[in-house]
Amino acid sequence: KSSNITFASDFPQKILYSEIGYQNKNINTAINVLRKLETVKINSNNIREGIKNVYYNTGFFGRWTLIEKNPKIIFDSAHNESGFENISRELKKEKYNNLIVLISLVTGKNIKKLIRHLPKNSKIFFTKLDIERAMNYSELKKNNIENLNYDENPKRLFSKLKKQLTKNDLLIVTGSNFLAKEIFV
């Protein structure tokens, strides 16, 4: 269609708006889209306020979103290897006694490829999404997951895990935005 192509990576980011490394790439893309469209004038203050109020303004959350501080509960919608690599990088910045990970995925995912990015001492729990493409218990079993911890009810499992947390533990909820809808909305 003879459209011009612009790559956000061609525009160096002068200001880092997030402590989360991969978030800055997303933010840089959004900023450059707005600038390229030229439909609205934005400045650094607009950007900071927009980032601070993303959930309030859009209802969207999902990238290293702090749900609770004590004990710390974080939601990240990682659902592929790149996403789990990002989680791994961010976990290296965190201090915690125990890492508990609650995961739900869609069918066909290579679970071992994803969870290999998590620290070896992670306590991993699986649940099932309430969607047609949800990975179920039998598919999890076929993946030969060691010490498979499973509950098909996401809210029940989240509640159970939350009650077991001590103040220095970290609970990561991940695998899909669908899971966030089932637990947090």
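Since the model is a prediction, treat every value here as computed from it, not as a measurement.

Within this structure, the stated rule accounts for seven salt bridges. R63 is paired through a salt bridge with D76; the nearest N and O atoms lie 3.3 Å apart. Within this pair, whereas R63 is found in the loop between helix 3 (54-58) and strand 1 (65-69), its partner D76 is found in strand 2 (residues 72-76), the two being separated by 13 residues in sequence. Under the relative-accessibility criterion, D76 is labelled buried at 0%.

Moving on, we get to the pairing of strand 2. Burial within strand 2 is extensive, with four of its five residues counted as buried. In terms of strand pairing, strand 1 meets strand 2 through four bridges, oriented antiparallel. Bridged to T65 within strand 2 is F75. Once strand 1 ends, the chain turns through two residues before running back antiparallel as strand 2. As paired strands, strand 2 and strand 5 (residues 170-174) are joined by five bridges and run parallel to one another. Paired with I73 across the two strands is L171, which belongs to strand 5.

Rules of the game
All chains use their own residue numbering, which begins from 1 and follows the written sequence. A pLDDT threshold of at least 70 governs which residues receive local features in this predicted model, and a stricter bar of 80 or more applies before side-chain atom pairs are shown or counted, although totals over entire chains, interfaces and linings include all residues. The side-chain values count all of the structure's non-hydrogen atoms but skip hydrogen atoms and water molecules. We define a salt bridge as a side-chain nitrogen of Lys or Arg found within 4 Å of a carboxyl oxygen belonging to Asp or Glu. Secondary structure follows DSSP: runs of H or I at least 4 residues long count as helices, runs of E at least 2 residues long count as strands, and numbering of each begins at the N terminus. Accessible area is worked out with a 1.4 Å probe on protein chains only. A residue is then buried under 20% of its type maximum, exposed over 50%, and partly exposed in between. Whether two strands pair depends on DSSP finding at least two bridges between them.

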